[in-house]
Amino acid sequence: MKYRSVFDIIGPVMIGPSSSHTAGAARIGRVARSLFGREPKWAAISFYGSFAKTYRGHGTDVAIIGGILDFETFDERIKTSLEIADSLGMKVTFHEEDAVTDHPNTARVIIGDDSGQLELVGISIGGGKIEITELNGFLLQLSGNHPALLVMHNDRYGAIAGVANVLAKYAINIGHMNVSRKEKGQLALMTIEVDQNMDTEVLEELKTLPNILQVTKIAD
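This is a predicted model, so every value here is computed, not measured.

Caption draft 1: Examining the overall build of the protein chain more closely. A tally of helices and strands in the protein chain yields 7 helices and 10 strands. In summary, the protein chain has a C-alpha radius of gyration of 17 Å against a globular reference of 17 Å for 220 residues, a match within 12%. Based on the C-alpha atoms only, the size of the protein chain along its principal axes is roughly 50 × 45 × 35 Å. Per-residue burial for the protein chain yields a buried fraction of 48% across its 220 residues.

If you want it as structure tokens, here you go:
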């Protein structure tokens, strides 16, 4: 793993006790909230590996719910996030899973309301850093450390080039890009991490492209 600065090694400003079990968990929850786009009515969290064994003692449960409530890693409200969620009428459940995963700090987050739901899998890789490895059944690689675009599209010729051309038009540099599809010619998902935040104008132009179905921005 490469670190960009000493602050990556020390970890983020956060509510303790552990950068991997609390700050990382909070960031996983906050990415889920950002992608869902609103406060969910319920959240079902499955913990695997080390998360499953220690989530109560290390505060992983309050951290991930704090993230779902859109709290930053340093927000003192994380300590009482379960009570806050309950006061908002959000139903929260936790599950300890026995399945062996590729990484010991793995969480599956399913949040939803009457209008829909979202499911993602995230891992905490240390120092508060995370990776999102699955979204609604699509495999992906998303760090959550940079502004990003998630583009749902029909798996057709020219869709990827069209998105890249729009980003080039606005001088937006692509740092990492991944494309995932379940079946050839069906739905596909572009995950694009970029070097700077994007204006609404960029998103609106992307939405007008042929075969583009949904565009979601995740701010840094």
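Caption draft 2: Main features of the pattern of salt bridges. Within this structure, the stated rule accounts for 12 salt bridges. Among the salt bridges present, the one from Arg 30 reaches Glu 72, with a minimum N-O distance of 3.3 Å. Separated by 42 residues along the polypeptide, Arg 30 in helix H2 (residues 19-36) and Glu 72 in the loop between helix H4 (60-68) and helix H5 (81-87) bring together distant segments of the chain. On the basis of relative accessible area, Arg 30 is assigned to the partly exposed category, the value being 28%. Salt-bridge contacts for Arg 77 lead to Asp 75; the nearest nitrogen and oxygen are separated by 2.7 Å.

Caption draft 3: Region of the structure containing the environment of Glu 193. Relative to the assigned elements, Glu 193 resides in strand S9 (residues 187-194). Take Glu 193: its relative accessible area is 7%, and that puts it in the buried class. As a C-alpha pair, Glu 193 and Lys 53 span 140 residues in sequence and 32 Å in three-dimensional space.

Caption draft 4: Structural context of the sheet that holds strand S7 (residues 148-154). Across the sheet, which stays open at both edges, the 4 strands sit in the order S8-S9-S7-S10 with antiparallel pairing between neighbours. The open sheet has two edge strands, strand S8 (174-181) and strand S10 (212-218), and neither has a second partner. In this sheet, neighbouring strand axes are inclined to one another by 15° on average, regardless of whether the strands run parallel or antiparallel. Sheet topology places S7 next to S10; 6 bridges connect them, and they run antiparallel. In the sheet register, Ala 148 faces S10, and the bridge partner there is Ile 218.

Caption draft 5: Local environment of the sheet that holds strand S2 (residues 91-96). Pairing is mixed in the open sheet, where 6 strands are placed in the order S2-S1-S3-S4-S5-S6. Lying at the two open borders of the sheet, with one neighbouring strand each, are S2 and strand S6 (138-142). For this sheet, the mean angle separating the axes of adjacent strands, direction not counted, is 20°. On the sheet, H4 packs against strand S1 (42-48), S2 and strand S3 (105-113) and is oriented at approximately 140° with respect to S1.

Caption draft 6: Structural detail: the packing of aromatic side chains. Across all of its chains, the model carries 4 aromatic pairs by this definition. With a centroid separation of 5.9 Å and 10° between ring planes, the pair formed by Phe 47 and Phe 94 is classed as stacked. Taken together, the residues Phe 47 in strand S1 and Phe 94 in strand S2 connect sequence positions 47 residues apart. Residue classification places Phe 94 among the partly exposed positions, given a relative accessible area of 23%. Here a set of aromatic residues connected by ring pairs shows up, and it is made of Phe 47, Phe 51, Tyr 55 and Phe 94. We note Arg 38 situated over the ring of Phe 36; from NZ or CZ to the ring centre the distance is 4.0 Å. A cation sits over an aromatic face here: Lys 182 above Phe 138, 4.7 Å from the ring centre.

Definitions and cut-offs
The residue numbers shown here count from 1 along each chain, following its written sequence. Since the coordinates come from a predicted model, pLDDT governs what is reported: local features require at least 70, and pairs of side-chain atoms require 80 or more to be given and counted, while whole-chain, interface and lining totals use all residues. Each side-chain value is derived from all of the structure's non-hydrogen atoms; neither hydrogens nor water enter the calculation. Strands here mean DSSP runs of E at least two residues long; helices mean DSSP runs of H or I at least four residues long; both are numbered from the N terminus. Throughout, the radius of gyration refers to the C-alpha atoms, and the reference size of a globule is 2.2 Å times the residue count to the power 0.38. For every residue, the accessible area obtained with a 1.4 Å probe (protein chains only) is divided by the maximum for its type, and the residue is called buried under 20%, exposed over 50%, and partly exposed between those limits. The term salt bridge refers to a pairing of a side-chain nitrogen on Lys or Arg with a carboxyl oxygen on Asp or Glu at a separation within 4 Å. When DSSP finds two or more bridges between a pair of strands, those strands are recorded as paired. An axis is simply a line fitted to the C-alpha atoms; with a helix, the fit covers only the stretch in contact. Between two such axes, the angle follows the N-to-C directions and lies from 0 to 180 degrees. The contact criterion used is simple: two residues touch if any of their non-hydrogen atoms lie within 4.5 Å. Any two of the Phe, Tyr and Trp rings considered here, Trp counted by its six-membered ring, make a pair once their centres fall within 6.5 Å; the pair's planes then place it as stacked at under 30 degrees, edge-to-face at over 60, or tilted in between. Only lysine NZ and arginine CZ atoms are considered, and such an atom sits over a ring when it is within 6 Å of the ring centre and within 35 degrees of the ring normal.

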